Amino acid sequence: MVRLQLDPFLNELTSMFEHTTEKGSVWVTLKHSSDKSKVQRNKITTAGKELEYKCLVRATDGKKNISTLVGTKDHQRFQASYATILKARMTSLKKREKKDKRKAADVVVDKKLPKTTKAMDVDKKQQVPVKRSSTANP
């Protein structure tokens, strides 16, 4: 995995998106990282110093892997550049069709109604009172 500075990373990410416009995917992961080993972190915490945490950003298209570390000072600039790249390169995504609330409610009501006439006949029979004959057996 190649670790790059911020600007070269964004340039490589743009080129990855360009290569995969017709076919393929680009995976981008972000991870909270201190970029120190566990032993180094323990030494720093026992000394009373604070760790500087950064954001580890990795990108791959399945063939090439790139990564960068984004500090707190560069976070705003990186996030703005990253957002513009994503907005510009995700044009091939299809928009989802929004469902009308009234149509969705009608579908739910239709599902609750019985589908067969047999079920309706059973309901009617249960609602009709049963007539008893006037002559009762002793």
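The structure contained in this document is the topic of the report that follows. (Residues numbered from 1 in each chain as written. Predicted model: local features only at pLDDT ≥ 70, side-chain atom pairs only at ≥ 80, totals over all residues. Heavy atoms only, no water.)

**Brief notes about the nonpolar core**
Consideration 1: If you look at the biggest cluster of nonpolar residues, it comprises 16 residues, and the most contacted ones within it are F9, L13, F17, A59, I66 and F78.
Consideration 2: Among the secondary structure elements, those contributing two or more residues to this core are α1 (6-19), β3 (54-60), β4 (65-70) and α3 (75-89).
Consideration 3: A total of 6 residues in this core trace back to one element, the largest contributor, which is α1.
Consideration 4: Among residues more than four places away in sequence, those in contact with A59 are F9, L13, M16, W27, V28, K64, N65 and I66. (Core = buried A, V, L, I, M, F, W, Y, C linked by side-chain atoms within 4.5 Å. Buried < 20%, exposed > 50% of the residue type's maximum accessible area, 1.4 Å probe, protein only. Helix = DSSP H or I, 4+ residues; strand = E, 2+ residues; numbered from the N terminus. Contact = heavy atoms within 4.5 Å.)

**Brief notes about the sheet that holds strand β2 (residues 27-33)**
Sheets are built from strands paired through backbone hydrogen bonds, the pairs being either parallel or antiparallel.
Consideration 1: Spatially, 4 strands are ordered β1-β4-β3-β2 in an open sheet, and the strand pairing comes out mixed. Looking at which strands have only one partner, the edges of the open sheet turn out to be β1 (2-3) and β2.
Consideration 2: Contacts from α1 reach β2, β3 and β4, with the element oriented near 145° to β4. (Pairing = 2+ DSSP bridges. Axes fitted to C-alpha atoms, helices over the stretch in contact; angles between N-to-C directions.)

**With respect to the environment of D74**
Consideration 1: With respect to the helices and strands, the residue D74 is situated in the loop between β4 and α3.
Consideration 2: Residue classification places D74 among the partly exposed positions, given a relative accessible area of 32%.
Consideration 3: It is 8.6 Å that separates the C-alpha atoms of D74 and L6, two residues lying 68 residues apart in sequence.

**Details of α1**
Consideration 1: Spanning 14 residues, α1 covers 20 Å between terminal C-alpha atoms, matching the ideal 20 Å at 1.5 Å per step.
Consideration 2: If you check which residues of α1 are buried, you get L6, F9, L10, L13, T14, M16 and F17. Looking straight down α1, one finds its buried side chains confined to an arc of 160°; they lie on one side. In α1, the exposed positions angled more than 90 degrees off the buried face are occupied by N11 and H19. (Expected span 1.5 Å × (residues − 1). Arc of directions from axis to C-beta.)

**Considerations on the packing of aromatic side chains**
Geometry of an aromatic ring pair is reported as the spacing of the ring centres plus the angle between the planes.
Consideration 1: Scanning the entire structure with this criterion turns up 2 aromatic pairs.
Consideration 2: Measuring from ring centre to ring centre gives 6.2 Å for F9 and F78, while their planes differ by 40°; the resulting arrangement is tilted. Of this pair, F9 sits in helix α1 while F78 sits in helix α3, and the two are 69 residues apart along the sequence.
Consideration 3: Given a relative accessible area of 0%, F9 falls into the buried group.
Consideration 4: Between the aromatic rings of F78 and Y82, the centroid separation amounts to 5.9 Å while the plane-to-plane angle is 5°, which identifies the pairing as stacked. Linking F78 with Y82, this pair stays in helix α3, spanning 4 residues, or about one helical turn. (Phe/Tyr/Trp six-rings, centres within 6.5 Å; stacked < 30°, edge-to-face > 60°.)

**Observations concerning the pattern of salt bridges**
Consideration 1: What the rule picks out here adds up to 3 salt bridges.
Consideration 2: Ionic pairing is found between E12 and K64, a salt bridge with its closest N-O pair at 2.7 Å. Separated by 52 residues along the polypeptide, E12 in helix α1 and K64 in the loop between β3 and β4 bring together distant segments of the chain.
Consideration 3: Here E12 falls in the partly exposed class, since its relative accessible area comes to 25%. (Salt bridge = Lys/Arg side-chain N within 4 Å of Asp/Glu carboxyl O.)

**Details of the pairing of β4**
Working note: regular strand, side chains alternate between the two faces of the sheet.
Consideration 1: Where burial is concerned, most of β4 is hidden: 5 out of the 6 residues are buried.
Consideration 2: Relative to β4, β3 is paired through 6 bridges, and the arrangement is antiparallel. Note on β4: the bridge partner recorded for C55 is V70.
Consideration 3: Where β3 folds back on β4, the antiparallel hairpin that results is connected by 4 residues, among which G62 adopts a positive phi of roughly 100°.

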